[in-house]
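# Descriptive structure summary
As a plain string of letters, each chain reads:
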Amino acid sequence: MAARPVPAAAPLSVRLETLGCRLNEAELEAWARQFRGRGCRIAGADEPADLVVVNTCAVTAEATRKSRGLLRRLKRRHPAARLVVSGCAASLADVDLGDARIDLVVDNADKDRLVELAAAAQLLPPGLPGPDPDADAAETLFARGRQRAFVKVQDGCRYQCTFCITTVARGAERSRPLADIVAEVNAVAGGDTGVQEVVLTGVQLGGYGRDQGVAGLDLARLIHTLLAETDVPRIRLGSVEPWDLPAGFWRLFKDPRLMPHLHLPLQSGADSVLTRMARRCRSAEFRALVGAARAAVPDIGISTDIIVGFPGETDAQWQATMDLVAELGFGQLHIFPYSPRAGTRAATMPAQVPEPVKRERARQLAELGAVLRAASLDARVGRTLPVLIEGEQEDAAGRYAGGFTPDYLPVRLRNAPPELVGRIAPARLLARSADDAALEACLAPPAAALSHKGDRQ
Ligand code: SF4
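## Focus on the pairing of strand β13 (residues 332-337)
Relative to β13, strand β12 (residues 301-308) is paired through six bridges, and the arrangement is parallel. Looking at the pairing, Thr 304 lines up with Leu 333 of β13. Once the chain exits β12 it traverses helix α11 (residues 315-328) before rejoining the sheet at β13, and the crossover so formed is right-handed.

Have a look at this one:
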């Protein structure tokens, strides 16, 4: 009697979660492709999982607390699953879950080999097929409802800003080889992948290449090569420190595939505070850099990070920050009340600012940020710009397709048919939205012809 065929083992179901920065997101996307390439399936948020992998964050005390909270929730949600933890909170040994078991902790220094280490720790069942280079790289992205791919180009940082725990948790600078980045971008975007945009991420993006000792290898060379050797329609830059920008940087923006948006962390507008932060850019240099950017790239959007209530920050120093922010007219502000991080120099500095003062200053800055945001949105009304349509959402005014302009302003299209999701379409920017958070828009010719089919009720 013929032997009963042994049913194929169900593929291992892997749940991937991340907190924090775009670099963490890029790492998660790479792990998703590698797990997928080994025959695992990527579990959705409401699906059971055999293995749970979490990329933690420790940029603030709140981020570490959230990382631990997420781990506990996932442990309760998937009690039988094995748990792998990586990221900054793990690298700082700050993920103790008491009696809840963590099966593998992967330090930031080893996280590019996380899938391999999980296999070596026998967290992947034997007999799974080896890496499959043909696995559809974009599939894992779309499976997670994303239209743009985050690509890690470097890790670590050589600087020691006194508030920064990232440089502690992520270690020395290390750039990925140029050819690997080009290959990854070609695998995950452009062509018939359906992915229209990649975001280049790193800890110190401006320092790309200089740890490689290859003459002329820098961020400009990287971008130039990606523009030449890939066909991805849009390349966007993650956060770039306001120094170390390579020669010829501004010229690159003449290529419409490089998105005219820069996130340049200022952190403070007072030079005395910038000195205590050990920042390498003073207020006058920052002002000049923004001026150079706007002169070279007229439509450029600029956003920034501000730390509120850095130790020793006086009212006058705070006012200097408010004045410079107002003067430079950022399109978006990321506001961080100062969070002392054990292991950083600032955590033990004198004159720590009381929490109520931090809260009041953060409120003032948020108020200013809203005014600047409204102005940056209004400045685009009446223009027609290409928008990458990313998905359908709803607000008080009803359903809309959301997306971003090249200079990273959010857009709400009320007449885009569902089949335009994932595509870049010309949009006429009509007005600031009622909640001041985005631009109301409609499809512009030739895409407008498609709208009649998708008119929203
Ligand atoms: S340059 Fe950025 S990553 Fe490096 S130490 Fe300063 S804040 Fe941290």
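Now, onward.
## Description of the sheet that holds strand β11 (residues 261-263)
Spatial strand order, β11-β12-β13: three strands in an open sheet with parallel pairing. Of all the strands in the sheet, just β11 and β13 have a single pairing partner and so form its edges. Each adjacent strand pair in this sheet contributes to an overall mean axis angle of 10°, direction not counted.

## Focus: unusual backbone geometry
Notably, Ala 278 is not glycine yet its phi reads approximately 60°, a positive angle. Structurally, Ala 278 is set in the loop between α9 (271-276) and α10 (283-296). By relative accessible area, which is 28% here, Ala 278 ends up partly exposed. Of note, Tyr 408 is a non-glycine position whose phi angle comes to about 65°, a positive value. Assignment of secondary structure puts Tyr 408 in the loop between β15 (398-404) and β16 (410-413).

## Concerning the packing of α11 against helix α12 (residues 355-378)
α12 packs onto α11 with a crossing angle of 10° between their chain directions and a minimal axis gap of 10 Å. Between α11 and α12, the angle falls in the class roughly parallel. Both α11 and α12 take part in a crossing whose hand is right-handed. Packed against α11, whose contacting residues are Asp 315, Trp 318, Met 322, Val 325 and Ala 326, the element α12 presents Arg 361, Gln 364, Leu 365, Leu 368 and Leu 372 at the interface. Of the residues in the contact of α11 with α12, the class split is seven nonpolar, one polar and two charged.

## Let's talk about the confidence of the model for the protein chain
Chain-level pLDDT for the protein chain is 91 on average; 92% of the residues reach the 70-or-more range. Taken together, the stretch residues 453-457 has pLDDT below 50 and engages in twelve contacts with residues farther than four places along the chain or on a different chain.

## As for the pattern of salt bridges
Scanning all chains against the criterion turns up 41 salt bridges. Two residues, Glu 197 and Arg 148, come together in a salt bridge whose shortest N-O distance is 2.7 Å. Residue Glu 197 is found in strand β9 (residues 197-201), and its partner Arg 148 is found in strand β6 (residues 148-152); the two are separated by 49 residues along the sequence. Taken individually, Glu 197 and Arg 148 each receive the classification buried, so the pair is uniform in this respect. In this structure, Arg 176 engages Glu 184 in a salt bridge whose closest nitrogen and oxygen atoms are separated by 2.7 Å.

Basis of the calculations
- Residues numbered from 1 in each chain as written.
- Predicted model: local features only at pLDDT ≥ 70, side-chain atom pairs only at ≥ 80, totals over all residues.
- Heavy atoms only, no water.
- Pairing = 2+ DSSP bridges.
- Helix = DSSP H or I, 4+ residues; strand = E, 2+ residues; numbered from the N terminus.
- Right-handed = clockwise from strand over helix to strand, strands pointing away.
- Axes fitted to C-alpha atoms, helices over the stretch in contact; angles between N-to-C directions.
- Buried < 20%, exposed > 50% of the residue type's maximum accessible area, 1.4 Å probe, protein only.
- Parallel < 35°, antiparallel > 145°, perpendicular 65-115°, else oblique.
- Left-handed = near helix turned anticlockwise from the far one by under 90°.
- Contact = heavy atoms within 4.5 Å.
- Nonpolar A, V, L, I, M, F, W, Y, C, P; charged D, E, K, R; others polar.
- pLDDT = per-residue confidence, 0-100.
- Salt bridge = Lys/Arg side-chain N within 4 Å of Asp/Glu carboxyl O.

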